[in-house]
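Close look at the chain arrangement
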Amino acid sequence: MAKTPKVPSKPETRLVTAGRDTEAQHGFVNPPVFHASTVLYPTAADQVAHRARYQYGRRGTPTSEALESALRELEGKGCAGVALMPSGLAAISTALLAVAGSGDHILVTDSVYRPTRNFCDGMFKRMGVETTYYDPLIGAGIATAFKPNTRAVFVEAPGSQSFEMQDIPAIAKVAHDKGALVLMDNTWATPLYFSAFDKGVDLSIQAGTKYIGGHSDVMFGCVSANAATLPKLKEAMNMLGLCVGPDDMYLALRGLRTLGVRLARHYQSGLRVARWLSGRAEVARVLHPALESDPGHGIWKRDFSGACGLFSIVLKPASQQAVYAFMDALALFGMGYSWGGFESLVISFDCADYRTATPWAPGGPTLRFHIGLEDPGDLIADLERGFMAMHAAA
Ligand SMILES: Cc1ncc(COP(=O)(O)O)c(C=O)c1O
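Residues numbered from 1 in each chain as written. Predicted model: local features only at pLDDT ≥ 70, side-chain atom pairs only at ≥ 80, totals over all residues. Heavy atoms only, no water.

**Here we look at the site of the ligand**
Quick note on the threshold: Here a residue is near a molecule or strand as soon as one of its heavy atoms is found within 4 Å of it. We define a polar contact as two N or O atoms separated by no more than 3.5 Å, with the added condition that, inside protein, one atom must be a possible hydrogen donor and the other a possible acceptor, whereas residues neighbouring each other in sequence contribute only through side-chain atom pairs. For accessible areas, the Shrake-Rupley method is used with a probe of radius 1.4 Å. Any residue's cover is judged against the shown protein chains and nothing else.
The environment of the ligand is made up of 14 residues, and the closest members are Gly88, Leu89, Asp185, Thr209 and Lys210. Contact distances for the ligand include 3.4 Å between an oxygen atom and a side-chain N or O atom of Tyr113. At 2.7 Å, a side-chain N or O of Asp185 approaches a nitrogen atom of the ligand. When the free accessible area of the ligand is taken as 390 Å², the share hidden by the protein chains comes to 89%.

Here's what the structure looks like:
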């Protein structure tokens, strides 16, 4: 379909050119939004043979093709295809269902997004799939965690809320030597800042709800697959009957076009605010792998080409009342789950009650920030007001 110019191009250029077919779109820049279920076949013979460019709304439309093709080009040459999903969590569960079944064992990082864990401990357990959680810092040491029936290793870097960096190439090498697949939640870096397939990942997952959508107005997910895993992924998606609404696909494609500039700004502003926070007396640690002081900085520098606007901090011991006063005093940071939109957010979190392989004992209250597209100086002034309120409440 898409007639992307065949010239060498950087990912930022592909974000603009990929998935477009000007001729098929009658000259318009963007694809039409097909609200579609039934496709009519011209003859009985065509119907019986399923002979048509499109067969049924759930199986693909020009709108889904444009988005799939754009995402595939963004992922780069290791990617053989993309499955579009109604949410990031649907992308995670479908990818897992594609690679493991009854009697299998999987390895999942202890720092994984909590609902991924709920899926493994809930539905996967009921189906007879065993999950072992491993230390996110394990690296090549993961070899000892394998069993004869280990089918897959799930990685996420940095860790959800806790921001540990994982040595993905080292883990992937061991997994492949042992005949297992590597699945990654790559929502934080996006394919723009982490080339999952070059680093040994077989199935790369995005919660497109975050930076791909970018405007806090769409739920969307996708799984990108290499050639070996694509048939399994498409089979799972088709059997589960998953597809995305046409308007949401359009919003995802529209978001993708500006991902490059938005992410660069989130990266820049995020780092500026993170550096400012690390100089504050109230802050014990800033968990942001792009900071030189972060224990995961070496891996980030080696494997990633950027960062987004999401990071956490550990405060020096403070009362709950003082922490809530800090959060309540912020005018520019909304308190809400999700991230990746244009707006700044803050949440209080605690990983202690669900981690099983590694203890979570940061030594003080923890907050996660999403740095949006506001002026970073305004955000810093807002945080300063928050700290004043925190002191007043202490
Ligand atoms: C790292 C990560 N992965 C996946 C998801 C799930 O995405 P969705 O909310 O679209 O299901 C989230 C949502 O917060 C997330 O933070």
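**Section: the sheet that holds strand β11 (residues 366-370)**
The line we're drawing: A pair of strands is labelled paired if DSSP reports no fewer than 2 bridges between them. Strands here are runs of E lasting at least two residues and helices are runs of H or I lasting at least four, both read from the DSSP assignment and numbered beginning at the N terminus. Axis lines are fitted through C-alpha atoms, for helices just across the contact stretch, and the angle between N-to-C directions can take any value from 0 to 180 degrees. By the convention used here, residues are in contact when the closest approach between their heavy atoms is within 4.5 Å.
Taken in spatial order, the 4 strands line up as β8-β9-β11-β10 in an open sheet, and their pairing is antiparallel. Whereas interior strands pair on both sides, the edge strands pair on one side only; in this sheet they are β8 (283-287) and β10 (345-349). Averaged over all adjacent pairs, the angle separating strand axes in this sheet is 25°, with direction ignored. In the sheet, β10 pairs with β11 via 5 bridges, with the strands oriented antiparallel. Residue Ser348 lies in a different strand from β11, and its bridge partner there is Leu367. This element, helix α12 (residues 320-329), spans β9 (310-315), β10 and β11 of the sheet and lies at about 15° to β11.

**Re the nonpolar core**
One broad rule of soluble globular proteins: the nonpolar side chains tend to lie buried together. Stated precisely, the cut-off is as follows: Only buried residues count toward a nonpolar core. Its members are Ala, Val, Leu, Ile, Met, Phe, Trp, Tyr and Cys residues joined through side-chain atoms within 4.5 Å. For every residue, the accessible area (1.4 Å probe, protein chains only) is compared with the maximum for its type, and the residue is labelled buried under 20%, exposed over 50%, or partly exposed between those bounds.
Ranked by size, the top nonpolar core spans 85 residues in total, and within it Trp188, Phe220, Leu256, Leu277 and Phe369 carry the most contacts. Of all the elements, helix α10 (residues 259-278) adds the most residues to this core, at 6 residues. If you look at the next biggest cluster of nonpolar residues, it comprises 31 residues, including Val99, Ala225, Leu230 and Ala236.

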